[in-house]
Amino acid sequence: MKLKANTVIFYLFAFFQVIIIQFSTHHVETLDWDINAFLVTSLEFGRGNLPYEFQYENKPPLLFFLFYLFSIITENNLFFIKIINDFIIFLILIMMSNLYKKNVKSAYSKYTPPILFLLFTSNVWFHPNYSEYLVILFLALAQIFNNKNDSMFNIFLIGLSIGAASLINVGSVLFLISFIFIINLTRGVNLLKTVTLCCSFSIPHLLMISIYAYNNLITEYFMALIEVPLSYRSTSFSLTSALTVFFVAFENYNSYIYSLLLISIAFLIYKTVDKFRHKNYEYDYEFIEIVILCITSLLFFQIAGKGYYHHLLLFLYFLSFSTKWINKEKNKFIIIFIILISLIGVNRQTSPATFSNLRNVDNIQNNYPMFQIALNLKKDISKDDSIFSTNNILLLYYLDKPNSSYIVHPALFNYQEVTEILVKYEKIKDDELKDNIQKSPKIIELNTDEISLGEYKKLETTYIDSNLLNYWSKNNLLHIYIKR
Amino acid sequence: MANTTKKFQKNRLRKLENLLYFFFAILIFFGIVNVLTYFNLKESIKDFDTISSSYCEYFIFTPSLQNQIENISIEFSKKDIYVFPDLQNLRCIGKVGEFFLEDNQIKGHVYTNTKLVNLTILLFNLSQIVFHYFMRVHSKRNFYTLVGIGNSFIFLYLYNSINLVSFNLLFVSLLIIYFFDYET
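Thresholds, definitions, all that
- Residues numbered from 1 in each chain as written.
- Chains lettered and ligands numbered in written order.
- Predicted model: local features only at pLDDT ≥ 70, side-chain atom pairs only at ≥ 80, totals over all residues.
- Heavy atoms only, no water.
- Helix = DSSP H or I, 4+ residues; strand = E, 2+ residues; numbered from the N terminus.
- Buried < 20%, exposed > 50% of the residue type's maximum accessible area, 1.4 Å probe, protein only.
- Contact = heavy atoms within 4.5 Å.
- Areas by Shrake-Rupley, 256 points an atom, 1.4 Å probe, with all protein chains shown as cover.
- Rg over C-alpha atoms; globule rule 2.2 N^0.38 Å.
- Lys, Arg positive; Asp, Glu negative; His and termini not counted.
- Charge placed at Lys NZ, Arg CZ, Asp CG, Glu CD.
- Phe/Tyr/Trp six-rings, centres within 6.5 Å; stacked < 30°, edge-to-face > 60°.
- Lys NZ or Arg CZ within 6 Å of the ring centre and 35° of its normal.
- Core = buried A, V, L, I, M, F, W, Y, C linked by side-chain atoms within 4.5 Å.
- Pairing = 2+ DSSP bridges.
- Axes fitted to C-alpha atoms, helices over the stretch in contact; angles between N-to-C directions.
- Expected span 1.5 Å × (residues − 1).
- Polar contact = N/O pair within 3.5 Å; in protein donor to acceptor, adjacent residues only side chain to side chain.
- pLDDT = per-residue confidence, 0-100.
- Buried area = accessible area lost by both parts, 1.4 Å probe.
- Salt bridge = Lys/Arg side-chain N within 4 Å of Asp/Glu carboxyl O.

Quick word on the overall build of chain B
And step 1. When helices and strands are tallied, chain B shows six helices and five strands.
And step 2. Overall, chain B shows an N-to-C arrangement of helices and strands of α-α-α-β-β-β-β-β-α-α-α.
And step 3. Put simply, chain B has 184 residues, and 42% of those count as buried.
And step 4. If you take every contact in chain B between residues at least 6 apart in sequence, the share linking residues at least 24 apart comes to 67%.
And step 5. Surface accessibility of chain B: about 11200 Å² in total, with carbon and sulfur atoms responsible for 63%.

Structure representation (structure tokens):
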């Protein structure tokens, strides 16, 4: 395959742009503790265990397996794992530039969607290695197979991709319904294709169920993949309020990118309804596919039910495609003009931190606070010692230890809907915190110093730079106790 | 036959257009009534006792809810009120209530309902777009006039209930209109 000059230029541009944006926060160890939980749970594979067997985090097993692979490739180097995420984003941008080319072939329509996605995700909210990026990667594959020829093999691959995506994030199962709808709409109602899609979707799931059944963990598997996600429905959540909070925050971040977001939404609505104005309208199936996927990704946000910004990543991804269907040169020029201003703004904002990080690239991992603490603790920890961590769980990752509690993610201790299920299955006790302290682990890491721990001494951590510990809580104090 | 049908449809649309203007006139009428009961901070202080005993009587028309008049500081805060199922609260939106004078300081509330106002903006703009571009109810000039005056009315009249989403809804509506006119 021969690449055209402008394609190469775009790939280089996208590569450097991803580096400039993403590297600006790589010096901070924790951008979101979700990723720490993925990493800690993923290490279970290395111990010959499966996720949910002794450690619980509320994501499907394929995500942990991929994070385990990242850990192997990088030899447990968190900084390199962050770079893998940058590479995933870069891959997504390349795939975006090669999607939906049937009716729109201009350079504008080819390169606008990836640049818009790059801008939408330029804020630090979207810098961590969220599971949504991996989901997007598999959904982009599904889009590519769907836009290829009409063969049964491609339908099979679409189902397989969505199946894999749903083993990374359960909510992605919604996209199976979307693709069934899209395929039957664009190719005419076809039962065989629908059955093929559903069967290929089931393959990764059946494989995973077999692995868990073989290890007598089928109860844990269904608890984690069905019962807990369904419990999320019971939480009170307002879609409009959550979107309002996001819009306000986005507008505060960058008004130009925000206006691009509004233009994309407006154009999506306009083009969707405009079809119905004309009597003999013809469907632009590629555009309709994007409309369906945008609606599904909003449903994904609604069903996730927590209002976290990263749950909107899928919506931002699909929305980025909408303006590629703009016809009039004047309107294209307006979009390009706003994109240019936005890019200048984003680069001005991120480049000082990026260049500082690039100059200091050799020391980034060594400067991570929890990494330094783990290095110092390594000599005091023996193979049989246990650790109970409820806040900076990266300690578990660096020391390659499971949490003494079944729960890995610190936030889950406060999710009543989850803890109730785990108590029901006797995975945790009613007072999990107290119970784990009573087990007297070698190290206890807490988010408070209000609990008296007589037989423990507090670890001296003043030598670390607490600004590098967590992006969102700069004055995060460490409360690490070691058994006397 | 075809001509008669066309004529009939045209008449029906004309009626719908008149209905729109009638609805609009009612809005403006209520607006005028409220503006007449406008809560003038400067003048109201003089006969504060009479005013403070009233509830939802006075419409406030100021973007600045904190003021200093002579030696009296005035501090109003926004208070969201439910309009469903308490429909009578509808008349309270944009009006002042629960205010008292204490130590040369007047404190009170301005009643707001952001969700209702945003829904009004959304429905008003969407209905106008549908009426104009899909049903051809009114001419381009009348459409622009209606959208312009309607949105100005909502934004000025219900100023304290407006938030960023209101501006978003307006911006997106205007963009959709722009695309209908300049992208087709």
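Okay, back to it.
With respect to the overall build of chain A
And step 1. Scanning chain A for helices and strands turns up 20 helices and four strands.
And step 2. At 24 Å, chain A has a C-alpha radius of gyration in line with the 23 Å of a compact globule built from 484 residues.
And step 3. Across its three principal directions, the C-alpha atoms of chain A cover 80 × 50 × 45 Å.
And step 4. Evaluated residue by residue, chain A yields a buried proportion of 60% over its 484 residues.
And step 5. Long-range contacts, defined as pairs at least 24 residues apart, comprise 76% of the intrachain contacts of chain A with a sequence gap of at least 6.
And step 6. Accessible area of chain A: about 20800 Å², with a carbon and sulfur share of 61%.
And step 7. Within chain A, one finds 39 positive and 37 negative side-chain charges whose respective centroids are separated by 11 Å.

Concerning the packing of aromatic side chains
Geometrically, a pair of aromatic rings is defined through the distance of the ring centres and the angle of the planes.
And step 1. Overall, the coordinates contain 54 aromatic pairs over all chains when judged by the stated rule.
And step 2. Through successive ring pairs, a cluster of aromatic residues spans A:Phe267, A:Tyr270, B:Tyr133, B:Phe134, B:Phe143, B:Tyr144, B:Tyr178, B:Phe179, B:Phe180 and B:Tyr182.
And step 3. In this structure, A:Lys271 is placed above the aromatic ring of A:Phe287, and the distance from its NZ or CZ to the ring centre is 5.5 Å.
And step 4. The ring of A:Tyr415 is capped by A:Lys306, whose NZ or CZ atom sits 4.1 Å from the centre of that ring.

A look at the nonpolar core
All names here are of chain A.
And step 1. Counting residues in each nonpolar core, the largest one holds 180 residues, and the members touching the most others are Tyr 56 and Tyr 317.
And step 2. Residue contributions to this core peak at twelve residues, all from helix α4 (residues 78-97).
And step 3. Leaving out residues up to four positions away in the same chain, Tyr 317 has contacts with Ile 92, Met 96, Leu 99, Phe 117, Ile 136, Ala 140 and Gln 143.

Section: the sheet that holds strand β2 (residues 443-446) of chain A
Residue and element names in this part refer to chain A.
And step 1. Ordered by their spatial adjacency, four strands build an open sheet running β1-β2-β4-β3, and the pairing between neighbours is mixed. The outermost strands of the open sheet, each flanked by one partner alone, are β1 (387-389) and β3 (456-458). Pairwise comparison of adjacent strand axes, ignoring direction, gives a mean angle of 20° for this sheet.
And step 2. Direction of pairing for β3 relative to strand β4 (residues 479-483): antiparallel, over a ladder of three bridges. Within the sheet, the bridge partner assigned to Lys 458 lies in β4 and is Tyr 481.

Considering α4(A)
Residue and element names in this part refer to chain A.
And step 1. The terminal C-alpha atoms of α4 lie 29 Å apart, and with 20 residues this matches the ideal 28 Å at 1.5 Å per residue to within 8%.
And step 2. For α4, the buried fraction is high: 16 of the 20 residues fall into the buried class.
And step 3. Backbone nitrogen of Phe 79 and a side-chain oxygen of the N-cap are separated by 3.0 Å at the start of α4; the cap is Asn 77.

A short note on the pairing of strand β2 (residues 66-69) of chain B
And step 1. Of the pairings in the sheet, the one linking β2(B) to strand β3 (residues 72-80) of chain B comprises four bridges and is antiparallel in character. Looking at β3(B), one finds that B:Gln66 is bridged to B:Glu75.

Let's talk about the confidence of the model for chain A
And step 1. Averaged over every residue, the pLDDT of chain A is 91; residues scoring 70 or more account for 97%.
And step 2. Within chain A, helix α14 (residues 313-319) of chain A carries the highest mean pLDDT (97), whereas β3(A) carries the lowest (86).

As for the interface of chain B and chain A
In many reports, interface size means the accessible area that the parts give up when they come together.
And step 1. Facing 18 residues of chain B, the contacting portion of chain A comprises 26 residues.
And step 2. Here chain B packs against chain A, burying approximately 1900 Å² in sum over the two surfaces, 67% of which is carbon and sulfur.
And step 3. The largest share of the area that chain B buries against chain A comes from B:Leu164, B:Phe179 and B:Glu183, three residues that together contribute 31% of it.
And step 4. Connecting chain B to chain A are six residue pairs in polar contact (both at pLDDT 80 or more).

A closer look at the environment of A:Tyr221
Residues and elements named next belong to chain A.
And step 1. Position of Tyr 221 relative to the elements: it lies in helix α10 (residues 218-231).
And step 2. Separated by 161 residues in sequence, Tyr 221 and Pro 60 have C-alpha atoms that sit 8.8 Å apart.
And step 3. Not counting chain neighbours up to four residues away, the residues in contact with Tyr 221 comprise Tyr 52, Pro 61, Leu 167, His 205, Met 208, Ile 209 and Tyr 212.

Brief notes about the pattern of salt bridges
Residues and elements named next belong to chain A.
And step 1. According to the stated counting rule, one finds nine salt bridges over all chains in the structure shown.
And step 2. Of the charged contacts, one joins Asp 150 and Arg 187 as a salt bridge, the two residues approaching to 2.3 Å between their closest N and O atoms. Here Asp 150, found in the loop between α6 (131-147) and α7 (152-166), pairs with Arg 187, found in helix α8 (residues 174-187); they are 37 residues apart in sequence, far enough to count as distant.
And step 3. Members of the salt-bridge network, linked through shared partners, are Glu 44, Arg 47 and Asp 400.

A word on unusual backbone geometry
All names here are of chain A.
And step 1. Located in the positive-phi region is Asn 216, a residue other than glycine, with phi close to 55°.
And step 2. Examined against the element boundaries, Asn 216 turns out to sit in the loop between α9 (191-214) and α10.
And step 3. The class for Asn 216 is exposed, based on a relative accessible area of 68%.
And step 4. Look at Ser 440: it is not a glycine, yet its phi comes out positive at around 55°.
And step 5. Along the chain, the position of Ser 440 falls in the loop between α20 (432-438) and β2.
And step 6. Take Ser 440: its relative accessible area is 18%, and that puts it in the buried class.

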